[in-house]
Amino acid sequence: MAIEPYDLVRAAAYAPPDGEQWHVPYYTLRLPEALREALLDLYRRGRSKPENHHAVPIGRFNNLLQALAPEVVSVAKWLDVSHEEPWLYAHRPVPSDVFATLFRAWVKDLRPEPEHGRLVRRLLGDELDPGELVWKRQDVAMLSSAPTRPGGTAQPAERLYQLLPDALIRQALALEPFSYAGGSLGFRAVARRPSDRGAEMVSWPPDKYIDTDGIHWWYSAVIAITVQSVPFDGAFRVHVRTGVRRWATRTGKNGLHLPRGRASSVYLLTDAPWIAGSSDSWVSERFSVARLRYDRKLAGPRWEAGGSDGLLARIPLHRALPEPAELAGRPVDWLQRSKGLTAAVVHSTHMGSHGVLPGLMPGDRVPLTEWVEAAFPACLPRLPDLVRADRYPVNPRAYRPPKPDAALHPEPLNEQQRAGAALRQSLAELTGGLPLRLEFLWNTTAHRDSGVRALTDILGVAEAAPDGGLGPEALVWKTPELAIELRIERVGELAAALDFPQGAQGRTAALHAAIARRRADVARRMERVDAQALPLMTVVEILDQRSYRPRDSDPKFALRLGFADVRRLTQFIVTPRRPDHRAKAADTRFEKLKSCWQDGLRQLGHRIVPRHSLGDAIPADIQYVGFWLVKRRTDGPTREAGLVPVAVRIRPGAGGGEAITGWDHVNGSWLPYAEFLLRLSAQAVLPVAVDDTPDGPDPAGQDRPEDPSEDAEEDDGTDTTEPGDQLTPGRLEKRRVQVADAVQELLFSLRDTPALLLVHAQNARRFWPWLQNAVVQKDHVQIHGGPVQRLALQGPDLRLVRLRDKSGDETSQWWARDKPSGSGDGDADSGETAVERAGIAKGLWRSPFAKEDNRVFSSTSPKSSSATNSAVVASRWSFREYTRNGRTGMTIDTGRPAWNPALLEVAVIGCQPGDDPEAWAALTHQLRMAPDYRDMLALPLPNHLARKAQEYVLPVHRAGDEQEAEDGTAVQLFFDLFDSTADEG
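Calculation criteria
Throughout, a residue's number is its position along its own chain's written sequence, starting from 1. Only residues with pLDDT of 70 or above have their local features reported here, since the model is predicted, and side-chain atom pairs are shown and tallied only from 80 upward, although totals for entire chains, interfaces and linings are computed over all residues. Side-chain measures here rest on the full set of heavy atoms in the structure, leaving out hydrogens and waters. Elements are defined by DSSP. Helices are runs of H or I of four residues or more, strands are runs of E of two residues or more, and each kind is numbered from the N terminus. To sort residues, take the accessible area from a 1.4 Å probe on protein chains only and compare it with the maximum for the residue type: under 20% means buried, over 50% means exposed, and anything in between is partly exposed. The Shrake-Rupley method, run with a 1.4 Å probe sphere, supplies the accessible areas, and residue values consider only the shown protein chains as cover. Residues count as neighbours in contact if any of their non-hydrogen atoms are within 4.5 Å of one another. Pairing between two strands is assigned when DSSP locates at least 2 bridges connecting them. Lines fitted to the C-alpha atoms define the axes, with helices restricted to the stretch that makes contact. Angles between their N-to-C directions range from 0 to 180 degrees. A score from 0 to 100, pLDDT tells how confident the predictor is in each residue. In what follows, salt bridge is the name for a side-chain nitrogen of Lys or Arg lying within 4 Å of a carboxyl oxygen of Asp or Glu.

An unreviewed UniProt entry lists the chain under the name DUF3962 domain-containing protein, with Kitasatospora purpeofusca given as the organism.

Attention shifts here to the overall build of the chain. Each helix and strand in the chain was counted, giving 18 helices and 41 strands. Here the chain holds 985 residues, and 60% of them are scored as buried. For the chain, the accessible surface area stands at approximately 39,000 Å², while carbon and sulfur atoms represent 49% of it.

For Ala684, the location among the structural elements is in the loop between α14 (673-681) and α15 (729-749). On a C-alpha basis, the gap between Ala684 and Pro955 in space is 8.0 Å, while along the polypeptide they are 271 residues apart. Not counting the four nearest positions on each side in its chain, Ala684 is found in contact with Phe557, Leu561, Tyr952 and Val953.

Here we come to the sheet that holds strand β23 (residues 436-442). Pairing is mixed in the open sheet, where five strands are placed in the order β24-β25-β23-β26-β27. A single partner strand is all that each edge strand has here, and the edge strands are β24 (473-478) and β27 (568-575). Each strand axis lies, on average, 15° off the axis of its neighbour in the sheet, ignoring direction. On the sheet, helix α13 (residues 583-603) packs against β23, β25 (483-490), β26 (536-543) and β27 and is oriented at approximately 165° with respect to β27.

We now examine the confidence of the model for the chain. Counting all residues, the mean pLDDT for the chain is 86, and 88% of those residues have values of 70 or more. Scored below 50 in pLDDT, residues 959-985 shows 123 contacts in the model against residues more than four places distant or in partner chains.

With that settled, the discussion passes to the pattern of salt bridges. Under the counting rule described, the total for this entry stands at 54 salt bridges. Note that Arg36 is salt-bridged to Glu84, the shortest N-O span being 3.1 Å. Separated by 48 residues along the polypeptide, Arg36 in helix α1 (residues 33-44) and Glu84 in the loop between β6 (78-80) and β7 (88-90) bring together distant segments of the chain. The exposure class of Glu84 is partly exposed, given its relative accessible area of 46%. Between Arg568 and Glu439 there is a salt bridge whose closest N-O contact spans 2.8 Å. With Arg568 in strand β27 and Glu439 in strand β23, the pair connects residues that are 129 residues apart, well separated along the chain. Each of the two residues, Arg568 as well as Glu439, counts as buried. Within the structure, one salt-bridge network assembled from shared partners comprises Glu439, Arg487, Glu489, Arg525 and Arg568.

Have a look at this one:
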């Protein structure tokens, strides 16, 4: 076994010891009870079932405060009139005239309908007395929490999720500027809303990077702090995240591209008060945040809540916001202003490429984290370094292709030949001895030739070159295991942009008609596969997504559905926008097509399942089940909310189509994976045209951030809130019942065989509330609407593991480090610099103080194979020395990718008597290491397959022109608007 280079993992996480407390003074505002009741009465007017509304939505008021009163911290999304607890906090009193101006504008906006005008005026005249809006000083206990019973998980006071990060950021701003070799960084705080989670500061003034083409790009460091909890732990956590905030720099002929249906954040800094007539002392050093949106009626940008009838129009401003068109046309001019008003538009991937790549390596992350850590009070120490969970092996058994049948291969085979024979044998089991039929619809001869060569390389068959013509042709290989038929032909008009009637591109009905026509085109051209046969795999070459204008005309989803109609699974390869005839480009094209074919064979059901190395600690006939909820959202491409429960089962000992199956929740049966994907496509909902998406804010004013993780290293695709799917209590309950029914049927189908059920917290907990930290209990389970019961009652051999990733900063950033020589605790000063002792390591980790029945572990992966050139000591700001080919030099990594694997929390929620939870955590970790993937997966294999299945349910707006190959954690899917997972074909 190879010696791992690191012994410890240091998390950017902090926790208060028992009994510690830290008080911070704030000024708070309580609205009088009569005013609160009047607001609720106003909100209820004219609504069906007004008695069901007990709180007033304040999302738009929070947005207003973030833009024009950045010093104010809001800790609530709804104003509960029955609660006396304040929801607004500030470090200094807000002038009564300033607050009254903002409050009056919001009340008018709360019910702007003409029929409510008299009631609004009476409320503002009779109930609102500015003299009663008094801010009072209060010492706030920052470390208050109460463990839930009987789960034992710490639950901080609700207000601390905003206030504690805000107080810590304020402490950090009092530090000396962050110093690095060659300069220093000063920081400013950024106004936040409750929906933004925690607090944030960015380095200012921004830094400039000049790329090799002489283009100037602007960027800043960003530090965010959030409060989190951990299941079964009586102390909450504080997480520190460091990254890069990239500023919009590059514009097209019409200025910045503002995605329709999305808001783009603009950070604003002014040297005068926002509100006209307010004191000059009410100038904030914090960034305000406002949002730009594309308005199709104006055919250009506008401020959210702007316009003649908008919320901002009701407020007398001392200094007007920049004209939207001017800001979008010249963002760098506004970014560079040092006096008056400065405006910085946050870059998002929808605006195109940026010369500064996202993310930080440990070379920057470690010193930035340690710098902000120095501002923390002594009662909030860093958690002890994690140590390796070493009671069990953490790597699965090494995979070696099985010995081929001597009758089929009398001559000895080398390793590569054995691998090809094993693959062909596995595919023969899937086809039932019939020929394996594949198709390649190509657009360029370079991809056609590389695609054929890549397939022969994978299958281990003799190379065969196409005849060079442009017409259809078939290639056939006959091997001892099975026959292989490849049909290749020009893709032609199938890959053309969807055809809309002139002037109707933005109409949803026209889009649906265009999709239907393309599906019919596929049906006319492709013969339907017999229902009893294995579905065909078809690789389709399409154009780069930027070649399709408007964006709705991208035919990918229409082709996905059309080929599914005729029982074909699909993989897509992209034609580059610019031909590249270099040898390196040919090698890249070959590797992409090789990955494409491998992904296609995996869709057919071929997988090499990791063989665990845990011996008798795991039942011999164990089956692995990954559960995933495919969520359609009201702000997603379909504009329609909905749920599709997905489960994928892996049975290591089964063969053929029974080895990997999917749960058909409609009919309550397990289907071979390929059939399961086709069945899912029947539940797909067509997208809404881009121009038919609303221009206004999201429901309840909880406006979607411009790109929640564009500055993170990797985005694994699950959001922790649902701002785009504001369900009424009745609808939410209906969804929870739907999920409960699906889970109950699923568990019943697993009762006869030992099973490990793997669920993803951020994906499922809203609709399966038992997964929430506040309610989960060891070795118990609750199906919504039913009683809390021991897990064994749902199945005597059932185990339940809950996964949690970095979405919402719920798992901390981390780096690996060596234990200093002679030190037992890993915290002594080794005499090395932070950069020299930091790195990345694969492993399963636990707290050094974990008890025997510890249930929470951390799984980490090494650097991706695609990130071999990302140096651990790389920096966005400092030059570093390098050695290459025996020569040394200096370089800076501002324009190079930074890749840090995310930490995956593995919580062993449910065991059976006699189990060791660490064994099940080790098994979960091993399931991330599938032999037929180059890199560790972001999630265990069953969950990876379940998540990928959503490609057949949800339309995807492609985020880039990279080949959508399945590559574990290295490649990620982007689901338009906020759902971002990995676009893997």
